[in-house]
Amino acid sequence: MTKVHPNVASSSAAAVGKAAAVAPAAAREEKGEAVSLTVWRRSLLFNGKGFTVFDCKGNLVYRVEINAGGSPREVVLMDADGHGLLTIRRKKLSFSDEWLIYDGDMAASPSAAPAPKRFTARRHVSLRPTRSLAHLSPARAPACADDGTAAAPSCRYDVEGSYAGRCLDVFASAVSGGGQRRRVAAVCQKEAAVGPDVFRLVVEPGFDPALAMAVVILLDQMHGS
């Protein structure tokens, strides 16, 4: 079997801790270059549902731990040290499939003030065949950069392609409708035949890799088996 996690000795909790000690807080390539991540659709800690993400050097970058027993309504994207970066929560009592993305770990301090909400995500619904999968709209809308590459909540994001086929693109555009739409992230299959649970996430310069990974989690919630 192709080795998925080159710098992790085993799938135990001790191995996770070892990888976290040497991994950077976020994946960073040379300035001006795309970030290439390997996503493993499995939890190292529980050897079950979740995600484990490595950079191009094999260091642990992000992880998601999901308890077994169905699709959870709330998922936390963590860095290598286990600190919550983003919370993806499915909205209750909604007439459409809708998710909310918050900064930080919402469950870490429930008595504190609510974390800032960054995006509202909706599954694309159409009676006609379409490549559109999901749309992310900002929770607040300050001025947007013309190129649409920044991860600031002034841009909206459209996801197109096939999550089942691990082939999709994320496009950014200004909320106001002005400016050119630009691809900011993409998911594609790994070169080696390692199956659909291991794939690549490529993030263009100027886009937040954590937000790109949150999009992957959303697509898995919306379209994953």
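Owing to the predicted nature of the structure, the values given are computational and were not obtained by experimental measurement.

Criteria and thresholds
- Residues numbered from 1 in each chain as written.
- Predicted model: local features only at pLDDT ≥ 70, side-chain atom pairs only at ≥ 80, totals over all residues.
- Heavy atoms only, no water.
- Pairing = 2+ DSSP bridges.
- Helix = DSSP H or I, 4+ residues; strand = E, 2+ residues; numbered from the N terminus.
- Axes fitted to C-alpha atoms, helices over the stretch in contact; angles between N-to-C directions.
- Salt bridge = Lys/Arg side-chain N within 4 Å of Asp/Glu carboxyl O.
- Buried < 20%, exposed > 50% of the residue type's maximum accessible area, 1.4 Å probe, protein only.

Draft legend 1. Main features of the sheet that holds strand β5 (residues 84-90). Strands sit in the order β1-β2-β3-β4-β5-β6-β7-β8-β9-β10-β11-β12 around a closed barrel of 12 strands; the barrel is antiparallel. Mean inter-strand twist for the sheet, computed between neighbouring axes without regard to direction, equals 20°. Pairing analysis gives two bridges linking strand β3 (residues 60-65) to strand β4 (residues 74-79), with the strands arranged antiparallel. Note that in β4 the partner of Tyr62 across the bridge is Asp79.

Draft legend 2. Broad picture of the pattern of salt bridges. Overall, the coordinates contain 13 salt bridges when judged by the stated rule. Asp97 is the partner of Arg90 in a salt bridge, and the nearest nitrogen-oxygen pair spans 2.8 Å. Under the relative-accessibility criterion, Arg90 is labelled partly exposed at 27%. Salt-bridge contacts for Glu98 lead to Arg122; the nearest nitrogen and oxygen are separated by 2.9 Å. Remark: Arg122 occurs in strand β7 (residues 117-123) and Glu98 occurs in strand β6 (residues 98-103); sequence separation between them is 24 residues. Residue class for Glu98 comes out buried when judged on its relative accessible area of 6%. For Arg122, a relative accessible area of 37% gives the class partly exposed. Residues joined in a network through salt bridges with shared partners are Arg41, Asp197 and Asp220.

Honestly, it's all geometry; don't read function into it.
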